[in-house]
Structure formats: structure tokens, C-alpha cells
Amino acid sequence: MNDVERLRKALSAEHAAVYAYGLIGARTTGSLRTRATAAFDAHRARRDQLRGLITARQGTPAEPEASYALPVTPGNPTEAVRLAVHVEQAIIVTYLELAACDDGALRRYAALAMQEAATRCYGFRPSVTAFPGMPAAVKPSPSPSG
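*Asks:* Would you mind showing me how to read the environment of Tyr95 here?
*Replies:* By the secondary structure assignment, Tyr95 is in helix 3 (residues 77-98). When its relative accessible area of 0% is taken as the criterion, Tyr95 is described as buried. For the pair Tyr95 and Ala13, spaced 82 residues apart in the sequence, the C-alpha separation amounts to 9.2 Å. Residue contacts for Tyr95: discarding those within four places in its chain leaves Ala10, Glu14, Arg46, Leu50, Tyr109, Ala110, Ala113 and Met114.

In C-alpha cells form, the structure reads like this:
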């Protein structure tokens, strides 16, 4: 996968995040809505930046879908938080792939995006994951005794 393809994948993830936070913001109130609105704005800004990074490399930006399959349609605050955490974790995984590119500036961009997503995720559900975006460690099987 080249840098433009990784950027397009990140852009697609940002399109999905904007969609999801639009739903979350429309179905929540109070401080949860305030946090969702801030996340919506942050993802829109990243989306716009990614479009610029792609076109600067003579690539064609990915277009948003009309709708996205979500793991839950938020009908209450618990479901809204669950969806927000899911979105931020997916964003972290996507930017982890972008961090593997050769361009140092893009690696820094991806690292900052992952940090921001991890911070937002923590703001919705305060728990710590040692390496957000990385698959869970596989426990080694016991060695056979001989």
C-alpha cells in the first residue's frame, strides 16, 4: 500500500467518523452532546486536511458514502458512548497504518491523529489500553515438556 492509498483509507475513516458523530450529536444532550460536537469538528478538520494531503500528491480523495453500517444506532447515552468509543478506536487503527509510511511528516501527522483519537476515546470511556489500535496480544502456549 502506498502513501496515497493509506491517506485515502484514513479519509474514508474520517468520513465515517463525521457521519457517526452527526448521529451522536443529534441524539444526545448536555455534556455528551458538547463532547460529540467537539469530536465532530475535529474529524471534519482532519477530513479536510486529508483531502489536501491527497490532492497535493496528485491523488483522488475518497468520497463519503451515503450512509455507514454502525455497530449501534445511538438511542440513549450508553449507546452513544459505545459508538463514540468504537469510532475513535477505528480511527486509531487507520492512522496506525498511515504511521507505517515512508514520509516522516505523514508519520508525525498519523501519530498526532492517533494521540487525539486516544484522548477523545478516553474522554468518552476512561480506560487505558497499553497500545491503542494494536491487536490484543496472543498468550504463548506452554512449551511441551520433554
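*Asks:* Before we go on, may I ask you to explain the packing of helix 2 (residues 30-56) against helix 3 in this structure?
*Replies:* Angle between the axes and distance between the axes: these two values describe a pair of packed helices. With their axes 12 Å apart at the nearest point, helix 2 and helix 3 run at an angle of 25° to one another. By the angle between their directions, the pair helix 2 and helix 3 is classed as roughly parallel. Where helix 2 crosses over helix 3, the handedness of that crossing is left-handed. Contact with helix 2, carried on its side by Leu32, Ala39, His43, Arg46 and Leu50, involves Pro77, Ala80, Val81, Glu88, Ile91 and Tyr95 of helix 3 and no other residues of that element. Across the contact of helix 2 with helix 3, the residue classes break down as 8 nonpolar, 1 polar and 2 charged.

*Asks:* When you look at the side chain of Arg46 in this model, what are you seeing that I'm missing?
*Replies:* Among the structural elements, Arg46 can be located in helix 2. Among the residues examined, Arg46 registers a relative accessible area of 8% and is labelled buried. Of note is the side chain of Arg46, whose polar atom sits 3.3 Å from the side chain of Tyr109. Excluding residues that lie within four positions of it along the chain, Arg46 makes contacts with Glu14, Tyr95, Tyr109, Leu112, Ala113 and Glu116.

*Asks:* Is there a simple way to think about unusual backbone geometry in this case?
*Replies:* Residues other than glycine seldom take positive phi values, yet Gln58 does so here, at roughly 60°. Inspection of the secondary structure assignment puts Gln58 in the loop between helix 2 and helix 3. In this structure Gln58 comes out as exposed when scored by relative accessible area, which is 69%.

*Asks:* Quick question: what am I supposed to make of helix 2 here?
*Replies:* Residues lying three or four places apart along an α-helix face the same way, a consequence of the helix completing one turn every 3.6 residues. End to end, helix 2 covers 39 Å across 27 residues, agreeing with the expected 39 Å (1.5 Å per residue, within 8%). Here helix 2 has its buried residues at Leu32, Ala36, Ala39, His43, Arg46, Leu50 and Ile54. As for helix 2, its buried residues are in contact with helix 1 (3-26), helix 3 and helix 4 (104-124). Positioned one or two residues after helix 2, Gln58 has a phi angle of 60°, which is positive.

How each quantity is defined
Residues numbered from 1 in each chain as written. Predicted model: local features only at pLDDT ≥ 70, side-chain atom pairs only at ≥ 80, totals over all residues. Heavy atoms only, no water. Helix = DSSP H or I, 4+ residues; strand = E, 2+ residues; numbered from the N terminus. Buried < 20%, exposed > 50% of the residue type's maximum accessible area, 1.4 Å probe, protein only. Contact = heavy atoms within 4.5 Å. Axes fitted to C-alpha atoms, helices over the stretch in contact; angles between N-to-C directions. Parallel < 35°, antiparallel > 145°, perpendicular 65-115°, else oblique. Left-handed = near helix turned anticlockwise from the far one by under 90°. Nonpolar A, V, L, I, M, F, W, Y, C, P; charged D, E, K, R; others polar. Polar contact = N/O pair within 3.5 Å; in protein donor to acceptor, adjacent residues only side chain to side chain. Expected span 1.5 Å × (residues − 1).

From the geometry alone we can't say anything about function, so treat these as descriptive.
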